[in-house]
Amino acid sequence: MSKLLLLLHSSPPFHFTTAPILHHRATTVLRASILSKKPPNLSSLALLRKATLSSSFLSPSSSFRCRTFSVRAFDSDDSKTEQEEEKKDSFHVKKSDGDYPSGEFDFQEIGAWNRFLVKLKMLIAFPWERVRKGSVLTMKLRGQISDQLKSRFSSGLSLPQICENFIKAAYDPRISGIYLHIDGLNCGWAKVEEIRRHIFNFKKSGKFVVAYLPACREKEYYLASACDDLYLPPSAYFSFYGFTVQAAFLAEFFPIVLPFSMAMNKNNTVNDGVFENVGIQPDVQRIGKYKSAGDQLTRKSMSKENCEMLTAILDNIYGNWLDKVSSTKGKKIEDMKNFINEGVYKIERLKEEGLITNMHYDDEVISMLKEKVGVQKDKVLPMVDYSKYSRVRNWTLGLTGGRDLIAIIRASGSISRVKSPLSLSGSGIIGEQLIEKIRRARGDELFHVYTFRRKPSCLQLACLESKKYKAAIIRIDSPGGDALASDLMWREIRLLAESKPVIASMSDVAASGGYYMAMAADAIVAENLTLTGSIGVVTGKFSLGKLYEKIGFNKEIISRGKYAELLAADQRPLRPDEAELFAKSAQNAYEQFRDKAAFSRSMPVDKMEEVAQGRVWTGQDAASRGLVDAIGGFSRAVAIAKQKANIPQDRQVMLVELSRPSPTLPEILSGIGSSVVGAERTLKELLQDLAFSEGVQARMDGILFQGLEEASYDNPILTLIKDYLGSL
């Protein structure tokens with residue numbers, strides 16, 4: 001298949017005069033295929049490809065770009081010399097952050113004619129889009145915030161919809177202001193930064209933003225500090241004590257949940273050394289001195305390199321908090337630092353220092369909002385909540401965008417290659433599903449003819465798909481996962497980047513496999529505190545021999561081949577020669593990852609090695625080391641996509657979401673049913689996972705920041721387990 005792709009993509013451009021002939025022949029092929037109800041043969045597919053490429057030179061709006069980059073660089077059968085030549089040919093100087101457009105929100109007053117059109121659209125809007133004039137938009141920001149779009153039946157908050165609500169409310173003449181309830185955020189700092197930026201953008205419209213915080217810690221306050229007014233109830237949970245990072249290690253104490261009595265002593269308490277007592281021996285291979293995934297199993301304390309990495313990340317988060325909060329509140333950084341070090345616990349101090357507006361209960365804040373919008377005290381304040389307002393279409397407000405289309409592909413969650421029978425739709429990144437979306441954005445006839453062969457009306461759309469989107473944005477929020485899936489998606493994104501600009505926009509985390517995907521794009525945009533990098537791999541195998549003995553289980557294997565039992569023999573440790581092969585395999589996977597990162601970032605391999613080795617960077621540090629091109633949010637990624645697609649910055653574009661929304665209610669019920677029915681199978685899969693991991697993993701280990709995440713009051717044993725599982 002890779003050779004076939006090489007043939008199709010390496011065809012030389014045809015002269016203009018051949019385009020009409022090729023187009024006619026291609027049309028004939030399509031018509032014959034439709035009538036016969038059979039997919040075209042390979043020679044016909046090549047003809048379709050040539051016709052599309054030729055016609056792209058005739059269209060002034062074509063998005064086809066001549067690039068020195070060759071698909072041969074990705075062919076696994078190429079020799080090393082050919083790859084090196086391709087690297088030299090494709091080398092180009094990366095732009096600095098200042099060379100890219102900022103994508104800053106510019107609020108513009110709507111003209112009289114457009115205001116009339118908006119009012120007319122509101123009159124014919126659907127009933128659920130009706131909003132009373134003078135309403136206040138209320139949004140409760142609490143708990144998890146997904147980077148994916150949410151369907152109608154899905155619960156929880158969606159970052160794209162939150163940001164879209166801010167933009168719609170800024171232009172909606174029916175909305176007077178926004179009232180935010182901020183309570184117990186459990187998301188990364190990049191998402192908080194994105195929402196904070198939209199608060200500032202909304203304020204450019206001249207409307208007010210008021211925040212109410214029943215529970216206020218560093219992250220909640222960081223977001224609320226962007227609002228005009230900030231209120232806390234007198235009894236609010238409040239703590240500004242600083243930030244910490246912690247790591248749990250299970251080498252001597254492994255509270256694994258197994259239905260075996262030997263894990264407990266006579267007093268029903270967990271014994272010291274349960275990991276050893278249960279009879280499980282881990283063999284973890286981590287390539288990269290900073291790659292700490294698996295340390296929970298094999299170490300008793302934090303390594304020097306891991307401590308160095310986590311300290312740098314923590315310093316960046318702490319420094320960013322001090323800098324942004326102090327500048328917003330007109331304070332000096334030293335004053336804010338001293339305030340934290342005082343151990344303030346009285347809310348009155350916040351008011352004295354000017355860090356909050358006042359102490360009021362929710363009903364008192366609503367009474368003040370009535371005065372702001374001119375509602376009498378005995379009347380009800382007109383309000384519209386987040387859920388209802390998310391259903392208001394952009395069309396109703398005249399925010400539909402222009403004719404130029406930019407494809408948005410969202411990739412959120414851990415990476416796996418294929419979908420598990422028990423996994424719910426929308427849970428994590430399924431490699432084969434995301435590849436379909438990437439190919440759809442590319443408009444590759446080879447794949448779309450087969451995809452749409454039973455729908456003739458879509459065949460023509462498939463052939464023109466490559467012209468439909470002027471650019472694509474890959475929005476990534478992933479700590480990584482399966483290395484093979486990451487590499488396959490990397491290749492598809494690279495192929496997409498041959499036909500149109502591709503921008504990677506990072507959310508909370510785009511590390512390991514997440515960064516693997518991002519580095520295939522033309523440019524990478526990250527927030528200051530996005531966790532990224534972690535260029536390294538980890539793989540492991542568990543020896544369950546002693547465990548089998550304790551439960552009376554025996555396993556014998558008959559094999560042929562020196563290394564046939566490398567993964568099959570979970571009843572014994574690895575032999576020395578097997579361990580050597582195991583390590584070499586992981587090292588080879590790492591070198592492939594590192595070399596492709598160096599190639600993708602136009603960086604010498606030895607230079608990439610300095611910033612790789614499994615180290616996690618914040619966005620700002622990654623940018624200074626060449627791993628990221630620009631600092632900013634999604635809006636900046638759109639601006640850069642427009643720049644690279646030669647679309648004027650002042651021209652509106654249409655953003656087309658290719659990612660499927662989160663599961664609907666029927667899908668959720670179906671998933672629960674299958675999970676219950678397959679409970680026995682799930683237990684078997686869990687025991688199998690103890691024997692060996694599914695291939696080499698390009699994933700970032702779980703990093704738990706106290707003061708950065710929502711407070712947890714779980715059992716400490718369960719907390720340790722959750723921390724470990726967070727790295728899987």
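Note that residues are indexed from 1 along each chain, following the sequence as it is written. Thresholds applied to this predicted model are a pLDDT of at least 70 for local features of residues and 80 or more for the giving and counting of side-chain atom pairs; totals over whole chains, interfaces and linings are not thresholded and use all residues. Side-chain descriptors were evaluated using all non-hydrogen atoms of the structure, hydrogens and water having been removed beforehand.

Observations concerning the pairing of strand β18 (residues 523-526)
When accessible area is computed with a 1.4 Å probe and restricted to protein chains, residues below 20% of their type maximum are described as buried, those above 50% as exposed, and intermediate ones as partly exposed. Helix and strand assignments come from DSSP, with helices taken as H or I runs of at least 4 residues and strands as E runs of at least 2, each series counted from the N terminus. Neither face of β18 is left uncovered, since the one carrying A523 and V525 and the one carrying I524 and A526 both have all their residues buried. The pairing of strand β17 (residues 502-511) with β18 spans three bridges and is parallel. Opposite S505, over in β18, you have V525 as the bridge partner. Throughout, right-handed denotes a crossover for which the path from the first strand over the helix to the second runs clockwise when the strands point away from the viewer. For the crossover from β17 across helix α20 (residues 513-518) to β18, the handedness is right-handed. Each pair of strands is called paired provided DSSP finds at least two bridges between the two strands. Sheet topology places β18 next to strand β22 (residues 630-631); two bridges connect them, and they run parallel. Pairing of V525 across the sheet is with A630, part of β22.

So, the packing of aromatic side chains
Each Phe, Tyr or Trp ring, with Trp reduced to its six-membered ring, pairs with another whose centre is within 6.5 Å; inter-plane angles below 30 degrees give stacked pairs, above 60 give edge-to-face pairs, and intermediate values give tilted ones. This structure, assessed with the given rule, holds 15 aromatic pairs. Geometrically, the ring pair formed by F126 and W128 is stacked, given 4.9 Å between the ring centres and 15 degrees between the ring planes. Judged by its relative accessible area of 38%, F126 is partly exposed. On the basis of relative accessibility, which here comes to 36%, the residue W128 falls in the partly exposed class. Site record: aromatic cluster; members linked through ring pairs are W189, Y221, Y222, F238, F240, F243, Y318, W321 and F339. Here, a charge over a ring is recorded when the distance from Lys NZ or Arg CZ to the ring centre is within 6 Å and its angle to the ring normal is within 35 degrees. The cationic tip of R615 hangs over the ring face of W617; the distance from NZ or CZ to the ring centre is 4.3 Å.

Quick look at the packing of helix α11 (residues 304-328) against helix α12 (residues 333-341)
For every element, the axis is a line fit to its C-alpha atoms; helices are fit only across the contacting stretch, and the angle between N-to-C directions ranges from 0 to 180 degrees. Contact pair α11 / α12: the axes reach a minimum separation of 9 Å and the direction vectors enclose 115 degrees. Where α11 crosses over α12, the two elements pack in a sense that is right-handed. From α11, Y318, W321, L322, D323, V325 and S326 reach across to α12, where they touch I333, M336, K337 and I340. Nonpolar residues are Ala, Val, Leu, Ile, Met, Phe, Trp, Tyr, Cys and Pro. Charged residues are Asp, Glu, Lys and Arg, and all others, Gly as well, are polar. When grouped by side-chain class, the residues that make up the contact of α11 with α12 number seven nonpolar, one polar and two charged. Put simply, a crossing is left-handed when the front helix is turned counterclockwise from the back one by less than a right angle, and right-handed when it is turned clockwise. Contact between two residues is taken to exist if any of their heavy atoms lie within 4.5 Å; hydrogens are not considered.

As for the nonpolar core
A general tendency of soluble globular proteins is for nonpolar side chains to be buried together. Nonpolar core, defined: a set of buried Ala, Val, Leu, Ile, Met, Phe, Trp, Tyr and Cys residues in which side-chain atoms within 4.5 Å join the residues together. In this structure, L180 and W321 are the most contacted members of the largest nonpolar core, which totals 71 residues. At eight residues, α11 tops the list of elements feeding residues into this core. Setting aside its immediate chain neighbours within four residues, W321 contacts W189, E218, Y221, Y222, F240, F243, S326, M336 and I340. Ranked by size, the runner-up nonpolar core spans 51 residues in total, among them L405, V502, A510 and A518.

Some thoughts on helix α14 (residues 362-373)
The α-helix advances 3.6 residues per turn, and as a result positions three or four apart in sequence lie on the same side. Taking 1.5 Å as the rise per residue, α14 with twelve residues should run 16 Å; its terminal C-alpha atoms sit 17 Å apart, in good agreement. In this structure, the buried residues of α14 make contact with β4 (175-185), β5 (208-216) and β6 (229-232). Downstream of α14 by a residue or two, G374 has a phi angle that is positive, lying close to 80 degrees. An expected span of 1.5 Å times one less than the residue number is assigned to each helix.

Structural notes on a nonpolar patch on the surface
Exposure above 30% relative accessible area and the absence of a salt bridge qualify a residue for a patch, where like charges join within 9 Å and nonpolar side chains (Val, Leu, Ile, Met, Phe, Trp, Tyr) within 5 Å. What sets the accessible areas is the Shrake-Rupley method with a 1.4 Å probe; for residues, cover comes only from the shown protein chains. Think of a salt bridge as a Lys or Arg side-chain nitrogen and an Asp or Glu carboxyl oxygen that are within 4 Å of each other. A surface patch of nonpolar side chains, about 700 Å² in accessible area, is lined by W113, F116, L120, L123, I124 and W395. With respect to the helices, strands and loops of the structure, L120 is situated in helix α5 (residues 112-123).

Some details on the pattern of salt bridges
By the definition in use, this model includes 35 salt bridges. Between E657 and R410 there is a salt bridge, and its shortest N-O distance comes to 2.9 Å. Pair noted here: E657 is in strand β23 (residues 653-657) and R410 is in strand β12 (residues 404-412), with a separation of 247 residues, a long-range link. You can call E657 partly exposed: its relative accessible area is 30%. For R410, a relative accessible area of 8% translates into the label buried. Two residues, R594 and E609, come together in a salt bridge whose shortest N-O distance is 3.1 Å. You can see R594 sitting in helix α22 (residues 576-600) and its partner E609 sitting in helix α23 (residues 605-611), a full 15 residues away along the chain. By sharing partners, the salt bridges in this structure join D147, E194, R197, R410, R475, E527 and E657 into a single network.

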